[in-house]
Amino acid sequence: MSTTAVIFGGAPVILDQQPPVPKADWYLCADAGVRLAEAMGITPHRMIGDFDSLGQVPEGEYVTVYSPEKDDTDLMLAAKFAMAQGCDTLWFYGALGGRLDHTVANLQMLRFLAAHRVQGILVDENHWVTLQRGGTARYPKRAYPYFSLFSMTETCEDVTLRGTAYPLEHGRLCGTFPLGVSNQILEEEAVVTVGSGELLVIYARDAKACGLL
């Protein structure tokens, strides 16, 4: 039985354009994600981090405080907590945009999760992002015009892509060339098969406005 967690981070977002928060077994906040959860009307089960971004340690019983001198990011700490509770699907809000180094760290975190058979999904007002580690997956048409695929390993081999404007049959995507950018889903869903490698899957739309939480 699948168990889901929603984790809130502190990256800037356009609050009134965030995707609806799915029903979950756990709602967790990583550091300044406390503000985002509150703004979205979510009461977290636990707040985790060093809270240097928040500027203060939250009050309450369900707060886990770490030293700023640590190897894990606050989002990674929250992800590991969710995994320890048996969660196999993790949604992240406030994990894209803001500082580029943190965005890259969160994309790497998707690889960590996939290696532990956990699906991570990063969302904001303009993106829906996950990682496919081999096998076949189906991606429904969503309210995003662009559907992009990138190899997160040196290569992704034996890639088949159907239901899109630019299909592919048993092809190769390389980590050194962005061949899979700006495709479009034409049918009710895209079907993606990967023989080997780790494929970053991104639904995207153009940003129409800039704003902060």
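As shown above, the structure is provided for reference.
My aim in this report is to walk through the structure given alongside it, one point at a time. Per chain, the residues get numbers from 1 upward, laid out in the order the sequence is written. Note on the predicted model: pLDDT of at least 70 is required for a residue's local features to be given, and 80 or more for side-chain atom pairs to be given and counted; whole-chain, interface and lining totals, by contrast, use all residues. Side-chain calculation: all heavy atoms of the structure are included, whereas hydrogens and water are not.

1. Considerations on helix α3 (residues 100–115)
Secondary structure is summarised from DSSP: a helix means a run of H or I of at least four residues, a strand means a run of E of at least two, and numbering begins at the N terminus for each. Multiplying 1.5 Å by the helix residue count minus one yields the expected span of that helix. Taking 1.5 Å of rise per residue, the 16 residues of α3 would be expected to cover 22 Å, and the 23 Å separating its terminal C-alpha atoms lies within 8% of that figure. Accessible area is worked out with a 1.4 Å probe on protein chains only. A residue is then buried under 20% of its type maximum, exposed over 50%, and partly exposed in between. Of all the positions in α3, only T103, N106, L107, M109, L110, L113 and A114 are classed as buried. The arc that holds the buried residues of α3, viewed along the axis, is 150°, so those residues lie on one side. In this description, contact between two residues means that some pair of their heavy atoms is separated by no more than 4.5 Å. Close packing links the buried residues of α3 with α2 (74–84), β5 (89–93), β6 (119–123), β7 (127–140) and β11 (189–204). Directly beyond the C-terminal end of α3, a positive phi value near 60° is found at R117. Note that the arc is computed from the directions linking the helix axis to the C-beta atoms.

2. Quick look at the pairing of strand β1 (residues 4–8)
Of all 5 residues in β1, 5 are buried; the element is thus mostly enclosed. Where burial is concerned, the two faces of β1 agree: the one with T4, V6 and F8 and the one with A5 and I7 are both buried. Paired strands, as defined in this entry, are two strands with at least two bridges between them according to DSSP. Here β1 pairs with strand β2 (residues 26–30) via 4 bridges, running parallel. Residue pairing across strands places A5 opposite W26, the latter belonging to β2.

3. Thoughts on the nonpolar core
The term nonpolar core refers to a set of buried residues drawn from Ala, Val, Leu, Ile, Met, Phe, Trp, Tyr and Cys, joined through side-chain atoms within 4.5 Å. Grouped together as the largest cluster of nonpolar side chains are 35 residues, with contacts concentrated most on F8, W128, Y139, F147, L149 and V192. Per-element accounting of this core gives the leading share, 6 residues, to β11. By size, the runner-up hydrophobic cluster in this structure holds 29 residues, among which are I7, M109, L200 and I202.

4. Concerning the packing of α2 against α3
Running from N to C, α2 and α3 point in directions that differ by 20°, and their axes come no closer than 11 Å. One element, α2, and the other, α3, form an angle in the roughly parallel class. For α2 against α3, the interelement crossing comes out right-handed. Contacts between α2 and α3 involve L75, M76, A79, K80 and M83 on the former and, on the latter, N106, M109, F112 and L113. Polar here means any residue other than Ala, Val, Leu, Ile, Met, Phe, Trp, Tyr, Cys and Pro, which are nonpolar, and Asp, Glu, Lys and Arg, which are charged; Gly is therefore polar. Broken down by class, the residue content of the contact of α2 with α3 amounts to 7 nonpolar, 1 polar and 1 charged. Helix axes are fitted to C-alpha atoms over the stretch in contact, other axes to C-alpha atoms as well, and angles between N-to-C directions run from 0 to 180 degrees. Between 65 and 115 degrees an angle is taken as roughly perpendicular, under 35 as roughly parallel, over 145 as roughly antiparallel, and anywhere else as oblique. By convention the crossing between two helices is left-handed if the near helix lies anticlockwise of the far one by an angle smaller than a right angle, and right-handed if it lies clockwise.

5. A few points about the side chain of T130
The residue T130 is located in strand β7 in this model. Relative accessible area serves as the criterion here: at 1%, T130 is assigned to the buried category. Looking at T130, its side chain comes within polar contact range of the side chain of Q119, at 3.2 Å. Polar contacts involving the side chain of T130 include one to the main-chain carbonyl oxygen of G120, which spans 2.8 Å. Two N or O atoms count as a polar contact when they lie within 3.5 Å, although within protein this holds only if one can serve as hydrogen donor and the other as acceptor, and sequence-adjacent residues are included solely when both atoms are side-chain atoms.

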